[in-house]
Structure formats: C-alpha cells, structure tokens
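Fold and geometry: a report
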Amino acid sequence: GAAMLCEHSVQEVMDLSPVAHLAALEGSYPFINFFDGFRTSHEIDKIETWDYEDLKDMANSVRAYALHALRMAGSGHVGIVLGCADIITTIYANFLRRGRDRFVLSAGHGSALLYSVLKLSGYDIGELSEFRRVGGLPGHPEYGIDGVDATTGPLGQGVGNAVGMALAEKINCK
C-alpha cells in the first residue's frame, strides 16, 4: 500500500485515474461495481450488511471518483467529498433500497459525491469526467439524472423536497 505510493511522485499519483489511484494506495481495486445486486424492498432482510472494513474501502473509492471529477472540472467543493463519503456510502450500501427509498442531497454543492456513489452503485449517469461541463453532469444535482430524486442547490432546499416526497408517499399509500 504505502510503499507502492512512495514509488510514485506526487504528480504521477495525481495524474492516475481513480482506479489506478486506489490500486496504488491499496494494492488492488476490489469493487468497481460494489453495489451489484442492489437491494430491493423485499430482499432487505436476506442480504447481510457490509462490515466496517468493506465500507471503509468503498468510501475511499467514492472519494477517489469524486475527487477525480472535481480535478477534471477544475472546480468544486472538496470538503463534503472528503467528509461525507463514509456517510453516503453506508446509506447506499447498507440501507437504501433501489426502487423504494429516496435520497435527497440537500447540500447540492456536494453533487460530485452523489454522482460518485451513484456511478459506483450502477446508475446510468454518464461520465464523471464530464462533471461541470456543458452537456455533462451539472454542478448541482438535477432531477432527471438516473438516481437523482430532486434538484437541489441552496442549502436547506433539499429538506423541503424530502419532506414533500415523504408526505406525498404517505398520502398516496392510504
């Protein structure tokens, strides 16, 4: 792991793709599609949850992909990518059920983080290298992108969206 990283200059490591970057850090890239067989609501009790070490590795992959997207764009918010990757990874890996549950990222400026976990979860979102480019992935989540349930931007806007979705679901299910 660390010994492999020391063999590369800082610039070489920065120029590596996320897959190669993780390989240099960890010695291998264990889970390109780590959410294959995504849980559905009727399967939730049949599938074991991921353990701490798996989640840590997954979160590092999410970070690497998101940081790569930010670097390719030349702009973006690094703090949420570094600080919240463990949280979003745990939610998507152990709790969220595709086709039933919704995830609304209220802090729209963290869209690189959301796009990264969606890409690794098997959603068809396009290429992360097109983040913040005309015709590519927008700088804030937009409804219509596979896996994005609400367009968010200003802080706090997602809370109202999520409450509205939950209320609508409750009313429609009666």
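Structure report, in brief.

Cut-off values and rules
Residues numbered from 1 in each chain as written. Predicted model: local features only at pLDDT ≥ 70, side-chain atom pairs only at ≥ 80, totals over all residues. Heavy atoms only, no water. Phe/Tyr/Trp six-rings, centres within 6.5 Å; stacked < 30°, edge-to-face > 60°. Helix = DSSP H or I, 4+ residues; strand = E, 2+ residues; numbered from the N terminus. Buried < 20%, exposed > 50% of the residue type's maximum accessible area, 1.4 Å probe, protein only. Salt bridge = Lys/Arg side-chain N within 4 Å of Asp/Glu carboxyl O. Axes fitted to C-alpha atoms, helices over the stretch in contact; angles between N-to-C directions. Parallel < 35°, antiparallel > 145°, perpendicular 65-115°, else oblique. Left-handed = near helix turned anticlockwise from the far one by under 90°. Contact = heavy atoms within 4.5 Å. Nonpolar A, V, L, I, M, F, W, Y, C, P; charged D, E, K, R; others polar. Polar contact = N/O pair within 3.5 Å; in protein donor to acceptor, adjacent residues only side chain to side chain. Core = buried A, V, L, I, M, F, W, Y, C linked by side-chain atoms within 4.5 Å.

For the structure shown, the criterion picks out 2 aromatic pairs. Judged by centre distance (5.9 Å) and plane angle (70 degrees), the rings of Y115 and F131 are edge-to-face. Linking Y115 in helix α6 (residues 111-120) with F131 in the loop between α6 and α7 (157-172), this pair joins segments that are 16 residues apart in sequence. Assessed through its relative accessible area of 0%, Y115 is described here as buried.

The final tally for this structure, using the stated rule, is 4 salt bridges. Here K119 and E127 are joined by a salt bridge, their closest N and O atoms 3.7 Å apart.

Attention now goes to the packing of helix α4 (residues 52-73) against α6. Following both chains from N to C, one finds α4 and α6 inclined at 125 degrees, their axes separated by 8 Å at the closest point. One way to sum up the angle between α4 and α6 is to call them oblique. Along this stretch, α4 crosses α6, giving a crossing that reads as right-handed. Across the interface between the two elements, S61, V62, Y65, A66 and L70 from α4 touch A112, L113, S116, V117 and L120 from α6. Its residues assigned to classes, the contact of α4 with α6 comprises 8 nonpolar, 2 polar and no charged.

Our next topic: the side chain of R63. Positionally, R63 belongs in helix α4. The buried category is assigned to R63, whose relative accessible area is 14%. A polar contact is formed between the side chain of R63 and the backbone oxygen of L82, at a distance of 3.2 Å.

In this structure, Y92, L114, Y115 and I125 are the most contacted members of the largest nonpolar core, which totals 29 residues. It is α6 that contributes the most residues to this core, 7 residues altogether.

What follows covers the packing of α4 against helix α5 (residues 78-95). Helix packing for two helices is described by the angle between their axes and how far apart those axes are. At a minimum axis separation of 8 Å, α4 and α5 run at an interaxial angle of 135 degrees. The pairing of α4 with α5 is recorded here as oblique in orientation. Once α4 is placed against α5, the crossing between them reads as right-handed. Seen from α4, the contacting residues are L55, M58, A59, V62, R63, A66, L67 and L70; seen from α5, they are V78, V81, L82, A85, D86, T89, T90, A93 and N94. Residues of the contact of α4 with α5, tallied by class, amount to 12 nonpolar, 3 polar and 2 charged.

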